[in-house]
Amino acid sequence: MGEAARKRQRQAQAAKSVAQARGASSDRNKIIAVVVAVVVVAAVVIGGVLWINSSKNSTEGTAIAPTTSTTLGPGVVEKLDGVVVSVGKPGAPKTIDLYADFLCPYCKQLQDTYGPQMEQAINSGQLTVRYHMVTLLNDRSDPPGYSLDSANAALAAVASQKFTAFHDALFKSQPEEGGRGYDKAQLIKLGHDLGITDPKFDQTVNAGTYDQQIQTAFQQIENDKNLAQDFGGGNVGFGTPTVAVNGKAISTQGDWLTGVLNGTGS
Amino acid sequence: MLDTIGTLARLGLAAVWLISGAIKLAAPGQTFIAVQAYDVLPSALVRPVATALPLVELVLGLLLLFGLATRWVATAALVMLAVLVAGIAQSWARGLSIDCGCFGGGGHVAAGQTEYPQEILRDTGFAVLAVWLMVRPRSLFSVDGWLGWGRRRAAVEDSAETGSSAALANNAGIAEGK
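Residues numbered from 1 in each chain as written. Chains lettered and ligands numbered in written order. Predicted model: local features only at pLDDT ≥ 70, side-chain atom pairs only at ≥ 80, totals over all residues.

Draft legend 1. Geometry of the overall build of chain B. Secondary structure assignment for chain B yields eight helices and two strands. Moving toward the C terminus, one meets the helices and strands of chain B in the order α-α-α-α-β-β-α-α-α-α. Among the 178 residues that make up chain B, the fraction classed as buried is 40%. When contacts within chain B are restricted to residue pairs at least 6 apart in sequence, those whose partners lie at least 24 apart make up 70%. (Helix = DSSP H or I, 4+ residues; strand = E, 2+ residues; numbered from the N terminus. Buried ≥ 20, exposed ≤ 12 C-beta atoms within 10 Å, placed from the backbone. Contact = placed C-beta atoms within 7 Å.)

Next comes the structure, spelled out in structure tokens:
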């Protein structure tokens, strides 16, 4: 073999070993990169799924706190009229109709802001509130159905004169939209914690006794033009919450309640 | 220069996915409502999609941030954007009044408050970034670069773009020739 040929061979070998070395380290880097990437992706996915599920199910295994803002005064009667609950002293001069969904955040806001004032007016014999439980957001819980279950349970509490307490407690501990609501067992437990002992309450909640009537009433409410509100942009329709006086929706901006009580509300 | 543009596109798109994914992940209930509002999926699929969506977005964002498998990730990002735009477009066409919930929020809004054209335009802008990275995935500070993935292709592109590889070849020839 000539000098030149040997030199070429040496060069070729050197080039080959360099390429091998580079290839080996590059392979190792690739393996490391892929392993790290797979681990990170798996961590994000597993951690994410666990977090989302725990967040969605945050009401699971909890008890709804039986707290109420105001206790009903002596002489106040809770009366069932179809699936409407009227709460007031007989002969109270003013009446409002309140349409709300237990899952609706704005309804909770209205309840937080004006609930105590309304209940004071009820206790002092000025006002009767007719509560309409609507199921506008029935499919907004996961699993769906919380609006209906809670409405039915609230109606079941009327017989024990615990409707207002039940209603207030549900708004106070309102579950988040898009998550798990409270199941029937939790609703029953709340009733017991509020002092309901009648076994008929449990049966009514479990059987969904009022479900059909609630849904029928909601259809009528949705189609009632007098209850429609103007949300701007040509969007007119029923929404929650709605307050109505003499069957007609009124604005709940500002001091509407004082207006109603003074007879100047419209 | 082109590498710099690629880097900005990569990091920009990464930021889009990371931010949108994180906001959605932080509010699972809201994300559920947003997905439901498109009114496309059967109710049994709303929760799985609402769970997967933010996680897929975060994974895309992380891979883009580190610049791993950029071309494939950019392709996946483009497919994802196409699906999202299709969702927005069908809501628009059907006259639904929803917010896309692209960066949190979402769900039904008043009829006058929809922003379908803006939302689609914005997603189209993101799609341009994805297309750039599909066509030319090379960028600075990427794991791809560190691994040498796409190096040969990049060299070919360089010679086409600047002719610099010819100069490199000359240098190599001189070094070898002595």
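Draft legend 2. Quick peek at the interface of chain B and chain A. Every contact between the two is made by 24 residues of chain B and, on the other side, 27 residues of chain A. Of the residues forming the side of chain B that touches chain A, the biggest block, eight residues, is contributed by helix H3 (residues 43–66) of chain B. Partitioned by chemical class, the residues of the side of chain B that touches chain A number 15 nonpolar, eight polar and one charged. (Nonpolar A, V, L, I, M, F, W, Y, C, P; charged D, E, K, R; others polar.)

Draft legend 3. Representation of H3(B) in the model. Residues and elements named next belong to chain B. The first and last C-alpha atoms of H3 sit 36 Å apart over 24 residues, in line with the 34 Å expected at 1.5 Å per residue. Where H3 bends most, the angle comes to about 25 degrees, and this point is Val49. Trailing H3 by a residue or two, Gly67 shows a phi angle of about 70 degrees, which is positive. (Expected span 1.5 Å × (residues − 1). Bend = angle between axes of the 7 residues up to and from the residue.)

Draft legend 4. A look at the packing of helix H1 (residues 2–26) of chain B against H3(B). Residue and element names in this part refer to chain B. Between H1 and H3, the least distance of the axes is 7 Å, while the angle of their chain directions is 150 degrees. Relative to H3, the element H1 is oriented roughly antiparallel. Crossing of H1 against H3: the hand is left-handed. Together, Arg10, Leu13, Ala14, Trp17, Leu18, Ser20, Gly21, Ala22, Lys24 and Leu25 of H1 and Leu53, Pro54, Glu57, Leu58, Leu60, Gly61, Leu64 and Leu65 of H3 make up the contact between the two elements. Split into classes, the residues belonging to the contact of H1 with H3 amount to 12 nonpolar, three polar and three charged. (Axes fitted to C-alpha atoms, helices over the stretch in contact; angles between N-to-C directions. Parallel < 35°, antiparallel > 145°, perpendicular 65-115°, else oblique. Left-handed = near helix turned anticlockwise from the far one by under 90°.)

By themselves, these observations are geometric and do not establish any function.
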